[in-house]
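One letter stands for each residue in the lines below.
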Amino acid sequence: MQFLGYVDKANEFFDKLVETATDDELFASGYLRGHFDLQVGYAQVEGEDLSSDELNEKIEKSLVKAYRNGELTDEDRDHVVAIWEKVKELV
């Protein structure tokens with residue numbers, strides 16, 4: 001999938017979660033969306049034409065770093081991982 005198409009689908013997914021997600025899922029999706037948007041922004045500033053897989057790799061590296069820095073509880077991390085798996089299915 002093309003970069004912008006994937007970004008659009010992911011943003012639509014995040015927006016739709018607001019209607020159905022639990023409070024924990026909303027927190028996790030907001031946290032994940034921050035990582036997603038940050039990597040999209042970096043790619044755009046650098047003029048990188050990333051594939052969806054390349055973007056996903058950058059996001060996963062960012063998430064792993066955050067996990068190692070203790071930014072989330074285990075429960076919150078589990079929610080982030082569950083939502084992240086759904087986002088990756090959009091490809």
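Residues numbered from 1 in each chain as written. Predicted model: local features only at pLDDT ≥ 70, side-chain atom pairs only at ≥ 80, totals over all residues. Heavy atoms only, no water.

Enquirer: Can you help me understand the overall build of the chain in this one?
Expert: From N to C terminus, the chain includes four helices and zero strands. Over its C-alpha trace the chain gives a radius of gyration of 13 Å, about what one expects of a compact globule, namely 12 Å for 91 residues. Taking the principal axes of the C-alpha coordinates as reference, the chain spans close to 35 × 30 × 20 Å. Taken over 91 residues, the chain has a buried fraction of 34%. (Helix = DSSP H or I, 4+ residues; strand = E, 2+ residues; numbered from the N terminus. Rg over C-alpha atoms; globule rule 2.2 N^0.38 Å. Buried < 20%, exposed > 50% of the residue type's maximum accessible area, 1.4 Å probe, protein only.)

Enquirer: Could you clarify how one ought to interpret the pattern of salt bridges in this entry?
Expert: Taken as a whole and judged by the stated rule, the model has six salt bridges. Two residues, D74 and R77, come together in a salt bridge whose shortest N-O distance is 3.2 Å. With D74 and R77 both in helix α4 (residues 74-88), this residue pair falls three residues apart, about one helical turn. Linked through salt bridges whose partners overlap, the residues forming this network are E60, E85 and K88. (Salt bridge = Lys/Arg side-chain N within 4 Å of Asp/Glu carboxyl O.)

Enquirer: Help me understand a negative patch on the surface in this model?
Expert: Together, E46, E48, D49, D53, E54 and E57 give the surface a local cluster of negative charge. If you tally residues by element for the negative patch, the top one is helix α3 (residues 52-68), at three residues. Locating E57 in the fold gives a position in helix α3. (Patch = residues over 30% accessible without salt bridge, like charges linked within 9 Å, V, L, I, M, F, W, Y side chains within 5 Å. Areas by Shrake-Rupley, 256 points an atom, 1.4 Å probe, with all protein chains shown as cover. Lys, Arg positive; Asp, Glu negative; His and termini not counted. Charge placed at Lys NZ, Arg CZ, Asp CG, Glu CD.)

Enquirer: Explain the side chain of H35 here, please?
Expert: For H35, the position within the fold is in helix α2 (residues 23-46). A polar contact is formed between the side chain of H35 and the side chain of Y31, at a distance of 3.3 Å. A polar side-chain atom of H35 sits 2.6 Å from a polar atom in the side chain of S62. With sequence-adjacent residues up to four places away left out, H35 is seen in contact with I59, S62, L63, A66 and E71. (Polar contact = N/O pair within 3.5 Å; in protein donor to acceptor, adjacent residues only side chain to side chain. Contact = heavy atoms within 4.5 Å.)

Enquirer: I'm lost on α4 in this one. Help?
Expert: Note that an α-helix has 3.6 residues per turn; residues three or four places apart therefore point the same way. Over its 15 residues, α4 extends 21 Å from the first C-alpha to the last, a length consistent with the 21 Å expected when each residue adds 1.5 Å. By the burial criterion, the buried members of α4 are D76, V80, I83, W84 and V87. Viewed end-on, α4 has its buried residues packed into an arc of 105 degrees, placing them on one side of the element. (Expected span 1.5 Å × (residues − 1). Arc of directions from axis to C-beta.)

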